[in-house]
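Below, each chain spelled out in residue letters.
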Amino acid sequence: MFIPKKVKYRKQQRGSMKGKATRGKEVVFGDYGLKSLDLHWVTARQIEAARRAMVRFIKREGKVWIRIFPHQAVTATPNETRMGGGKGSVSHYVATVKPGTIMFEMSGITEAAARKAMSLASHKLPVHTKFVIKE
């Protein structure tokens, strides 16, 4: 599971989620990519589930790159806790995915196999996605 090795501040604020991707919007490493069409938080578990679905389908042929990383900490207070008492502890980490972000890349396999693998991965993610080919 992906979590940061070291963080400067344990708890952080939610931040702004508006706008389109300014970086990471082109296929760089592989031949095929999975592009986000929505704005959403993608958890570390969802990234791992999508990665496993892809790798399992391609049977360890080719190579997969994960272009997003969950840097942002999300806090939660325990259930049935009264108001007040401060901010809860860190429950999980998320990656903020904006429209246009390339989330996964793949190479070393056929386009049909890459399409199917990316389709399986997209079912594990909370965003609408699009299959893209390197220009």
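Please refer to the structure placed before this passage.
The structure displayed is predicted, hence computed values, not measured ones.

Peer 1: How would you summarise the sheet that holds strand 6 (residues 102-107) if you had to cite specific residues and measurements?
Peer 2: Pairing is antiparallel across the open sheet formed by four strands, whose spatial order is 3-6-1-7. The sheet is open, and its two borders are formed by strand 3 (63-66) and strand 7 (129-133), each paired with just one other strand. Going across the sheet, the axis of each strand differs from the next one's by a mean of 20°, ignoring polarity. Across four bridges, the pairing between strand 3 and strand 6 is antiparallel. Looking across to strand 6, one finds that I66 is bridged to F104. On the sheet, helix 1 (residues 44-58) packs against strand 3 and strand 6 and is oriented at approximately 15° with respect to strand 6.

Peer 1: I'd like a description of the pattern of salt bridges, backed by residues and values.
Peer 2: This model, assessed by the stated rule, comprises four salt bridges. R52 is the partner of E48 in a salt bridge, and the nearest nitrogen-oxygen pair spans 3.1 Å. With E48 and R52 both in helix 1, this residue pair falls four residues apart, about one helical turn. For E48, a relative accessible area of 13% corresponds to the buried category.

Definitions and limits used
Residues numbered from 1 in each chain as written. Predicted model: local features only at pLDDT ≥ 70, side-chain atom pairs only at ≥ 80, totals over all residues. Heavy atoms only, no water. Pairing = 2+ DSSP bridges. Helix = DSSP H or I, 4+ residues; strand = E, 2+ residues; numbered from the N terminus. Axes fitted to C-alpha atoms, helices over the stretch in contact; angles between N-to-C directions. Contact = heavy atoms within 4.5 Å. Salt bridge = Lys/Arg side-chain N within 4 Å of Asp/Glu carboxyl O. Buried < 20%, exposed > 50% of the residue type's maximum accessible area, 1.4 Å probe, protein only.

These figures come from the coordinates and say nothing about function on their own.
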